[in-house]
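An overview of the molecular structure
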Amino acid sequence: QVQLVESGGGLVQAGGSLRLSCAASGSVVSILTMGWYRQASGRQRDLVATITRGGNTNYADSVKGRFTISRDNAKNTVYLQMNSLKPEDTGAYYCSASSFLNDYWGQGTQVTVSS
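To start, this report covers the structure provided alongside it. As the structure is a prediction and not an experimental result, all values here were calculated from the model. (Residues numbered from 1 in each chain as written. Predicted model: local features only at pLDDT ≥ 70, side-chain atom pairs only at ≥ 80, totals over all residues. Heavy atoms only, no water.)

**Section: the side chain of Ser-99**
You can see Ser-99 is positioned in the loop between strand E9 (91–98) and strand E10 (103–105). Residue Ser-99 is classed as buried on the basis of its relative accessible area of 15%. Setting aside chain neighbours within four positions, we find Ser-99 in contact with Ser-30, Leu-32 and Tyr-104. (Helix = DSSP H or I, 4+ residues; strand = E, 2+ residues; numbered from the N terminus. Buried < 20%, exposed > 50% of the residue type's maximum accessible area, 1.4 Å probe, protein only. Contact = heavy atoms within 4.5 Å.)

Set out below in structure tokens:
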């Protein structure tokens, strides 16, 4: 089992920045890919960004050039640096971790961007 704990959400004005962190514990050696997803109120959960153990990244088109995902394998932590935030970035941000057999999710952290 893998446990994920997110932190760093909050309220920010449009154009501002936030940095999310997600610390993994438990069977961390099994984790291959980590990532961030977001879910706006009344909508489905969508991919924001993912990063493999080797550092390969993938981003949603809507965040390319504004968000950066990074990973510290020694600390079992993944980060999401969010710059130039827009009101449409508002939502609950969930950390994910995937192994060969399972997908794990954090409890979510709220990001609210005011216009």
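**Observations concerning the side chain of Ser-21**
Along the chain, the position of Ser-21 falls in strand E3 (residues 18–26). Dropping the residues within four chain positions of it, Ser-21 is found in contact with Val-5, Glu-6, Ser-7, Trp-36, Val-78 and Tyr-79.

**With respect to the pairing of strand E8 (residues 77–82)**
Burial analysis of E8 places five of its six residues in the buried class, the great majority of the element. Where E3 meets E8, six bridges bridge the pair, whose relative direction is antiparallel. Opposite Ser-21, over in E8, you have Tyr-79 as the bridge partner. Bridge count for strand E7 (residues 67–72) against E8 is six bridges, and the pairing is antiparallel. Residue pairing in the sheet places Asp-72 in a bridge with Thr-77 of E8. (Pairing = 2+ DSSP bridges.)

**Quick word on the sheet that holds E3**
Sheet architecture is open: four strands sit in the order E1-E3-E8-E7, paired in antiparallel fashion. Edge positions in the sheet fall to strand E1 (2–7) and E7, since each of these pairs with one other strand and no more. Neighbour to neighbour, the strand axes of the sheet diverge by 15 degrees on average, direction disregarded. (Axes fitted to C-alpha atoms, helices over the stretch in contact; angles between N-to-C directions.)

**A look at unusual backbone geometry**
The residue Asn-76 is not glycine, and still its phi comes out positive at about 55 degrees. Structurally, the position occupied by Asn-76 is in the loop between E7 and E8. Owing to a relative accessible area of 26%, Asn-76 belongs among the partly exposed residues under this scheme. Despite not being glycine, Ser-84 has its phi angle at roughly 50 degrees, a positive value. Tracing the chain through its elements places Ser-84 in the loop between E8 and E9.

**Comments concerning the state of the cysteines**
Taken as a whole and assessed by the stated rule, the structure comprises one disulfide. The disulfide partner of Cys-22 is Cys-95, and the S-S distance across this bridge is 2.1 Å. On the S-S bond that ties Cys-22 to Cys-95, the torsion sits near -80 degrees, and the link is left-handed. One end of the pair, Cys-22, is in strand E3; the other, Cys-95, is in strand E9, and 73 residues separate them in sequence. (Disulfide = S-S within 2.5 Å.)

Interpretation in functional terms is not warranted from these geometric data alone.
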